[in-house]
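Examining the three-dimensional arrangement
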Amino acid sequence: MIAQLKAQLTDMVGSAKDLNALEEARVTALGKKGRITDLMKTLGTLSPEERKTTGAELNTLKDEISALIEKQEQALKKQALDARLAHEKMDVTLSVRPQAKGTIHPISQTMDELVSIFGAMGFSVAEGPDIEDDWHNFTALNFPPGHPAREMHDTFYLPDDPKQTGDAAKKLLRTHTSTMQVRHMMANKPPYKIIVMGRTYRSDYDMTHTPMFHQIEGLVIDKDIHMGHLKGCLMDFARAYFGMDQLPVRFRPSFFPFTEPSAEMDIGCSRKDGGLKIGAGDDWLEILGCGMVHPNVLKNCGVDPDEYQGFAFGMGVERIAMLKYGIPDLRTFFDSDVRWLSHYGFDPLDRPNRATGSK
Ligand code: DAH
């Protein structure tokens, strides 16, 4: 009888086509009310001799059927996995889809390079608002009321802020990042050694001007900073940025209300057949404005000019990107033309290098 039961159960387990059917077979054989369990329950009615042999046989049958179920379960699981793998197979020989590949915009790349160069010189990065007021943009920076330098900035004015009075009520889009000299000095104690990068706005539009553009500003203030530091710092910067150890530079006197003395820095270049080549040559190209911070600016920001002094500089990020990467028209930076972006953009996996070329 046990042999017959074994044959039946073996057949049932073996023919289970999926895990549900197998579970049913397990319940039928070994469940609380299963066939083997039922027989076990009858052992008490048998004589001690019979109980011993039948008990042993039933235990063996239980073990055998359990092992069979286990084996069948493994086989069914493998079958299910194989079926899934066959179904979900992907063809690794398919070529990559020739779709647009993202690139890093030359502005972002250039700003990363600037952070890398100035960061290595010990500068930290500060940020501030695009919407400013007349006081931070002009007055605190020593632009006297009605001074023509204010007009030169082609400022975008916004409606007055009714909650403020005077210069602070006159809202505008910052025309330069120099505003952050003021904000940073007012919010922190000297010494200062920062760069600021961000968007600036002027109402202007041609090959070298767009209403929105980016600037980088630098500010170094301490007790013993002089023009020699300014020159050394900016020479090192220009040589690192353009990747030319021997890049000629010169400083020309200039005027900015917030610096005294003021200068503009030129780098050497040559212009031949309408082309421009940076490096030693017989011509010069202006790249930035700079100077020793005017005592009035320090005073306006709560810094004692008898104790502290230093230098500042500012330049256009697009301008130096155009020079380094040979981009002829500033307006194209903001056209979002995918062909332009893939031509001038940078590989996202590239590290922003401190200098392309030497070093
Ligand atoms: N803010 C000036 C501009 O937008 C650039 C500049 C010149 C910034 C001289 C400076 C500086 O910090 O010292 O034209």
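Residues numbered from 1 in each chain as written. Predicted model: local features only at pLDDT ≥ 70, side-chain atom pairs only at ≥ 80, totals over all residues. Heavy atoms only, no water.

Attention shifts here to helix H9 (residues 227–242). With 16 residues, H9 ought to run about 22 Å at 1.5 Å a step, and its terminal C-alpha atoms sit 23 Å apart, in line with that. Along H9, the residues classified as buried are Leu 230, Cys 233, Leu 234, Phe 237, Ala 238, Ala 240, Tyr 241 and Phe 242. Looking one or two places after H9, you find Gly 243, whose phi comes out positive at around 65°. (Helix = DSSP H or I, 4+ residues; strand = E, 2+ residues; numbered from the N terminus. Expected span 1.5 Å × (residues − 1). Buried < 20%, exposed > 50% of the residue type's maximum accessible area, 1.4 Å probe, protein only.)

Attention shifts here to the site of the ligand. Around the ligand, a shell composed of 15 residues is seen, among which His 176, Ser 178, Arg 202, Gln 215 and Glu 217 lie nearest. At 3.1 Å, a backbone N or O of Ala 312 approaches an oxygen atom of the ligand. Within the complex, the protein chains bury 91% of what would otherwise be the 350 Å² of accessible surface of the ligand. Of the residues that constitute the shell around the ligand, the class distribution is five nonpolar, eight polar and two charged. (Near = heavy atom within 4 Å. Polar contact = N/O pair within 3.5 Å; in protein donor to acceptor, adjacent residues only side chain to side chain. Areas by Shrake-Rupley, 256 points an atom, 1.4 Å probe, with all protein chains shown as cover. Nonpolar A, V, L, I, M, F, W, Y, C, P; charged D, E, K, R; others polar.)

To continue, consider the pairing of strand E8 (residues 275–278). Where strand E7 (residues 259–272) lies against E8, four bridges are found, and the strand directions are antiparallel. For Cys 269, the partnering residue across the bridge sits in E8 and is Ile 278. With antiparallel pairing between neighbouring strands as the criterion, E7 and E8 make up a hairpin whose turn holds two residues, including Asp 273 at a positive phi of roughly 50°. (Pairing = 2+ DSSP bridges.)

Once the domains are mapped, the chain shows domain 1 (2–87) and domain 2 (106–344). With centres defined by C-alpha atoms, the gap from domain 1 to domain 2 works out at 84 Å. (Domains from an automatic or database assignment.)

A separate point is the environment of Gln 8. The topology assignment puts Gln 8 in helix H1 (residues 2–14). Between the C-alpha atoms of Gln 8 and Ala 238, which are 230 residues apart in sequence, the distance is 90 Å.

A separate point is the pattern of salt bridges. Considering all chains together, one arrives at 17 salt bridges under this definition. Salt bridges sharing common partners tie together Arg 250, Arg 252, Glu 264 and Asp 266. (Salt bridge = Lys/Arg side-chain N within 4 Å of Asp/Glu carboxyl O.)

It is worth spelling out the packing of helix H2 (residues 19–30) against helix H4 (residues 48–87) at this point. Here H2 crosses H4 at 175°, and the two axes come no closer than 10 Å. One finds that H2 runs roughly antiparallel with respect to H4. Here Leu 19, Leu 22, Arg 26, Ala 29 and Leu 30 of H2 come into contact with H4, specifically with Lys 62, Ile 65, Ser 66, Ile 69, Gln 72, Glu 73, Leu 76 and Lys 77. Here the residues of the contact of H2 with H4 are counted per class, giving seven nonpolar, two polar and four charged. (Axes fitted to C-alpha atoms, helices over the stretch in contact; angles between N-to-C directions. Parallel < 35°, antiparallel > 145°, perpendicular 65-115°, else oblique. Contact = heavy atoms within 4.5 Å.)

Looking now at the packing of H1 against H4. Close contact between H1 and H4 brings their axes to 10 Å; oriented N to C, the two are set at 10°. Comparing the axis directions of H1 and H4 gives the class roughly parallel. Contact residues: H1 offers Ile 2, Leu 5, Lys 6, Leu 9, Thr 10, Val 13 and Gly 14, while H4 offers Thr 54, Glu 57, Leu 58, Leu 61, Glu 64, Ile 65, Leu 68, Ile 69 and Gln 72.

As enumerated under the stated definition, the model contains zero disulfides in all. Lacking any disulfide linkage, Cys 233 is separated from the closest cysteine sulfur, that of Cys 290, by 9.8 Å. Classification of Cys 233 by relative accessible area gives buried; the value is 10%. Cys 301 carries a free sulfur, and the closest cysteine sulfur to it, the one in Cys 290, is 19 Å from it. (Disulfide = S-S within 2.5 Å.)

This brings us to the side chain of Thr 177. Structurally, the position occupied by Thr 177 is in the loop between strand E3 (171–173) and helix H8 (179–187). Accessibility expressed as a relative area gives 0% for Thr 177, which makes it buried. Among residues more than four places away in sequence, those in contact with Thr 177 are Val 196, Gly 198, Thr 200, Gln 215, Ile 216 and Glu 217.

Further remarks concern the packing of aromatic side chains. If you walk through the whole model with that rule in mind, you get 14 aromatic pairs. With 5.4 Å between their ring centres and 25° between their planes, Phe 118 and Phe 313 make a pair best called stacked. Of this pair, Phe 118 sits in helix H5 (residues 106–120) while Phe 313 is found in strand E10 (residues 309–316), placing the two residues 195 residues apart along the sequence. Of the two residues, Phe 118 and Phe 313, neither departs from the other in class, the shared state being buried. Among the aromatic residues, those joined into a cluster by ring pairs are Phe 118, Phe 123, Phe 237, Tyr 241, Phe 242, Phe 311 and Phe 313. (Phe/Tyr/Trp six-rings, centres within 6.5 Å; stacked < 30°, edge-to-face > 60°.)

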